[in-house]
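Descriptive analysis of the structure
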Amino acid sequence: MYLKKYLTSDIARRFFLVHPPEPRKDLLISGVTEGVYLGKTRWLNVPVFWNYNKLINPHMAIVGITGSGKSYLVKTFITRAALVWNTNALILDWVGEYNEWVRQAGGMVIHLGKEHLNLLDLGGMSKGERIKQIMSSLDMMLELKDFPEEKYDLEGALEKVYKKYKNPTLVEVEKSLEKDGKKRAARLLKGYIGEGNDFFAKHSTLKLDKLIDSGLVCIDLHSLPSEEMRSLAGLTILQFIKEKMRKEELGKEKGIKLFVVVDEAWKIARDDRSDVITIVREGRKYNFGIIVASQNPTDINKAIISNVGTTFVLRLILREYKDYMKDSLNYSGYIDEEISRFGVGDAAINMIFAERATESLTFLLDKIDGEEPLFVYKIRGGGMDVEVEREQFSRMLFELGLSDEQINMVKLEFEKNDGVIKATTFVSMLERFGYARSSIITFLRQMGVEERNIVEIFSLIRKRKASKGLVDLVLEE
Ligand SMILES: Nc1ncnc2c1ncn2[C@@H]1O[C@H](COP(=O)(O)OP(=O)(O)O)[C@@H](O)[C@H]1O
Ligand SMILES: [Mg+2]
């Protein structure tokens, strides 16, 4: 296009000031009780409220490089949605990055490694329906297209055990296959039955009904032994939620009842067979929204990106990723260029409005306007935790006389460990920075560490030093 060729980016900017590519104001603005506030548009400074009544569906996709602000957006969003509509949120946490935040926000964290979820639970479905779902999940996890015969055998065995037992598990399926001499199909299931991997093979301890109705809940999947297990768990939980929501009457209650967050869940966001795609395609059928986030856009199926009501593109750099988004959303070359210049929290937002569902519009938002959540550090030792808010703690360290660099070293120790540090580690750091024992003790007292714990911390450090000295000596010989 000749325009593009001749306009310098500066003139291009002015060009857009005359014709800002932004949606009509009334599509963006809602009352504070009707929508979630996100920030202001770049050109006309219009406040943007996310209001699912104006959109074709309540589902969302978020992409952007690590550190661009995806998780921050998710946290801000679900916090505000809870205020506006009393919405529950269920975070399927692949890497364990939401744990601490959820705990601090007063939510519930469930470690899946310690629970069981029976893959054969019906969750309100008919046996036939559930068998179809299980087969589609196994198909994804075990790549059954390469094993047509085994697939057939597995399906047969599922039918058998559902007939024979009231509350069967994968253990019975495997036994049935062994008994019928279907050794290869049985072997495929072995990885889900053995000790330590039997997460899906025992009767459920998880109460799904409760999880989607309890405010803020984080399901920590990262304690499961493999990516396949995490994906199978995520998928199964989604299937049960979908079934549950289908039964609930739509539209009776105001607002969205639940958001399900799947962050960095590439395996279930990419696959054509995934229920995530079905849910997004079915649009407004359910009273819940799904939020898919990833640092790698190509891990999110195009069907998801082009069907969700809202897509947030945060900073992207790689050409391949940018093209993938541009092709899916059809925005201008200008927006494409801006996306690689974004600072933290800046976003290009694509919305498909219900009133003109054939058209989608992408506009720029200057910064997701979030609330910096309080973050609490914990110092652990001597049988107790001392908690202190991050910024307050930095100030205390500053007053103690630590340099900026030293303060950052201490903070890094906390961040490495999800906000928790061992008291002995912390005290050793202060000693290394040259602090005398007496000033460290004063500091610990000031933080509220009890006297007997202080004594214990120092005696632990002394013991450790003694044994270390010994090792050094041996090494030096
Ligand atoms: N809109 C924003 N306003 C202020 N700070 C932000 C914003 N978005 C992200 N941050 C900060 O930037 C850092 C990285 O954000 P995060 O959401 O963890 O990125 P991602 O999930 O994309 O890797 C965090 O410390 C976060 O608090
Ligand atoms: Mg993140």
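Treat the numbers as computed from the prediction; the structure is a model and nothing was measured.

**Looking at the site of ligand 1**
Of all residues adjacent to ligand 1, which total 13 residues, the nearest are Gly69, Lys70, Ser71, Tyr72 and Gly345. Its residues placed into classes, the shell around ligand 1 shows three nonpolar, eight polar and two charged.

**Re unusual backbone geometry**
Phi at Asn45 is positive, roughly 55°, even though this residue is not glycine. Mapping Asn45 onto the fold places it in the loop between β1 (36–40) and β2 (47–50). At Glu143, a position not held by glycine, the phi torsion is positive, near 50°. Here Glu143 lies in the loop between α6 (127–142) and α7 (148–164). Residue class for Glu143 comes out exposed when judged on the 9 C-beta atoms lying within 10 Å of it.

**Considerations on the sheet that holds strand β4 (residues 88–93)**
Read from one edge of the open sheet, nine strands run β5-β6-β4-β7-β8-β3-β9-β10-β11, paired in mixed fashion. At either end of the open sheet lies a strand with only one pairing partner, and these are β5 (108–111) and β11 (361–365). Shown here is a sheet whose adjacent strand axes are inclined to one another by a mean of 15°, direction ignored. In this sheet, strand β9 (residues 310–313) lies alongside strand β3 (residues 60–63) in parallel orientation, the contact comprising four bridges. For Ile62, the partnering residue across the bridge sits in β9 and is Phe312. Packed on one face of the sheet, helix α4 (residues 70–85) meets β3, β4, β7 (258–263), β8 (288–294) and β9 and runs near 170° to β7.

**What about the sheet that holds strand β13 (residues 384–389)?**
Strand pairs in the sheet, formed through backbone hydrogen bonds, run parallel or antiparallel to each other. Spatially, the three strands line up as an open sheet ordered β13-β12-β14, and their pairing is mixed. Each of the sheet's edge strands pairs with one partner strand only, and the pair in question is β13 and β14 (420–422). Going from strand to strand, the sheet's axes swing by 25° on average, the running direction of each strand aside. Pairing of strand β12 (residues 376–381) with β14, which is carried by three bridges, proceeds in the parallel orientation. In the sheet register, Ile379 faces β14, and the bridge partner there is Ile421. Each of β12 and β14 touches helix α19 (residues 423–432); the most contacted strand, β14, lies at about 70° to it.

**So, the nonpolar core**
Ranked by size, the top nonpolar core spans 109 residues in total, and within it Leu92, Ile219, Phe259, Val260, Val262, Val276 and Val292 carry the most contacts. The element contributing the most residues to this core is helix α11 (residues 227–247), with eight residues. Looking at which domains feed residues into this core, each of domain 1 (20–113 + 213–365) and domain 2 (127–200) supplies at least three. Excluding residues that lie within four positions of it along the chain, Leu92 makes contacts with Ile219, Leu221, Gly234, Ile237, Val260, Val261, Val262 and Ala265. Formed by 15 residues, the second largest nonpolar core is a distinct cluster that contains Ile379, Leu397, Phe414 and Val449.

**So, the pairing of strand β6 (residues 216–220)**
Counting buried positions along β6 gives five out of five residues, so the element sits mostly inside the fold. Side-chain alternation along β6 places Leu216, Cys218 and Asp220 on one buried face and Val217 and Ile219 on a second face that is also buried. Note that β4 and β6 share five bridges and pair parallel. When the bridges of β6 are listed, Ala89 appears paired with Leu216. Direction of pairing for β5 relative to β6: parallel, over a ladder of four bridges. In the sheet register, Ile110 faces β6, and the bridge partner there is Ile219.

**Some words on the domain arrangement of the protein**
Splitting the protein by domain gives domain 1 (20–113 + 213–365), domain 2 (127–200) and domain 3 (376–476). Put simply, the middle of domain 2 and the middle of domain 3, counted by C-alpha atoms, are 52 Å apart.

Thresholds, definitions, all that
Residues numbered from 1 in each chain as written. Chains lettered and ligands numbered in written order. Predicted model: local features only at pLDDT ≥ 70, side-chain atom pairs only at ≥ 80, totals over all residues. Near = placed C-beta within 6 Å. Nonpolar A, V, L, I, M, F, W, Y, C, P; charged D, E, K, R; others polar. Helix = DSSP H or I, 4+ residues; strand = E, 2+ residues; numbered from the N terminus. Buried ≥ 20, exposed ≤ 12 C-beta atoms within 10 Å, placed from the backbone. Pairing = 2+ DSSP bridges. Axes fitted to C-alpha atoms, helices over the stretch in contact; angles between N-to-C directions. Contact = placed C-beta atoms within 7 Å. Core = buried A, V, L, I, M, F, W, Y, C linked by C-beta atoms within 7 Å. Domains from an automatic or database assignment.

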